[in-house]
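Now for the letters of each chain:
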Amino acid sequence: MTLSSANPNAEEICRMAPVIPVLVIQEAASARALAEALVAGGLPALEVTLRTPAALNAIRAMAEVPGGVVGAGTLLTPDDVRAACAAGARFGVSPGATDRLLDACEEAELTLLPGAATASEAMALLERGHDVQKFFPAEAAGGVAMLRALAGPLPQIRFCPTGGVTPGNARDYLALSNTLCVGGSWVAPEELVAAGKWEAITRLAQEAAALA
Ligand code: 3PG
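Quick notes on the rules
Residues numbered from 1 in each chain as written. Predicted model: local features only at pLDDT ≥ 70, side-chain atom pairs only at ≥ 80, totals over all residues. Heavy atoms only, no water. Salt bridge = Lys/Arg side-chain N within 4 Å of Asp/Glu carboxyl O. Helix = DSSP H or I, 4+ residues; strand = E, 2+ residues; numbered from the N terminus. Buried < 20%, exposed > 50% of the residue type's maximum accessible area, 1.4 Å probe, protein only. 1 Å grid on protein atoms, 1.4 Å probe; cavity = no way out; pocket = protein on both sides within 12 Å on 5 of 7 lines; lining within 4 Å. Points joined across faces, edges and corners; volume = space filled by probe spheres on them. Nonpolar A, V, L, I, M, F, W, Y, C, P; charged D, E, K, R; others polar.

J.: How should I be thinking about the pattern of salt bridges in this particular structure?
T.: In a structure, side chains of opposite charge can pair up when their charged atoms sit close to one another. Applying the stated criterion to the full structure yields 7 salt bridges. Where Arg128 meets Asp103, a salt bridge forms, and the shortest distance between an N and an O atom there is 2.7 Å. Taken together, the positions of Arg128 in the loop between α6 (119–127) and β7 (132–135) and Asp103 in helix α5 (residues 99–108) put the pair 25 residues apart, joining distant regions of the chain. We classify Arg128 as partly exposed; its relative accessible area is 26%. Connected through salt bridges with shared partners, the residues Asp99, Asp103, Glu106 and Arg128 form a single ionic network.

Here it is in structure tokens:
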């Protein structure tokens, strides 16, 4: 999918590929090669979690990779939002949502994929205009059965389930009417990243891209 603007919305991000890699980056020096490997494999939308000291520099490096769209995950606070934007993140992802976080993303005009795990959380986000949400933690919060149940009363909300999604269950999620894509860390195992095994990561990305 070709993005029409510099600020893709959440649906555009989720429709780029069936999987958004969730990346925990220990060394910013390896970030560019990692992004290139994933983009080459057909996964252009990348989530770098703000859980390591290297994360913001990793976003800076990855934002330069042609064809990639790099976002910041684990956004918790307005300061996280400001730091992510300054580093060049084009979207944000959060495990849940607070008014302060939603306000900060609106103020910064940062596209957000906010997390919800219950009907009430999803409805509260819908009231704020978010009809594309992260379903987190997907497997622990009821998995495929929970998402299928939410599609009955809330068909207008589409999700990116994340947390416990694997190559073994991703197709079951992707077959749901209310799932646009899934998020997962399996496409970039830390040991492959640490060893610089970029071709192996590209192969994992190709397999994930073929889940569509
Ligand atoms: C996370 O919390 O790191 C994400 O939800 C990814 O979860 P996963 O490692 O189960 O894919």
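Moving on from the model shown.
J.: How do you make sense of the layout of surface pockets when you look at a structure like this?
T.: Regions of empty space are outlined by a rolling probe, equal in size to a water molecule, passed over the atoms. Space inside the largest pocket adds up to approximately 260 Å³. In terms of lining residues, the largest pocket is bounded by 15 residues, among which Ala10, Thr111, Leu112, Gly129 and His130 are the most central. Considering each element in turn, the lining of the largest pocket owes the most residues, 3 residues, to α5. Looking at the lining of the largest pocket, its residues break down into 6 nonpolar, 4 polar and 5 charged. What the second largest pocket holds in volume is close to 210 Å³. Lining the second largest pocket are 14 residues, and of these Val24, Ile25, Gln26, Glu190 and Val193 lie nearest its centre. For the lining of the second largest pocket, the secondary-structure elements that each account for two or more residues are β1 (19–23) and α9 (190–194). Counting residues per element, the lining of the second largest pocket draws most heavily on α9, which supplies 3 residues. Counted by class, the lining of the second largest pocket contains 9 nonpolar, 3 polar and 2 charged residues.

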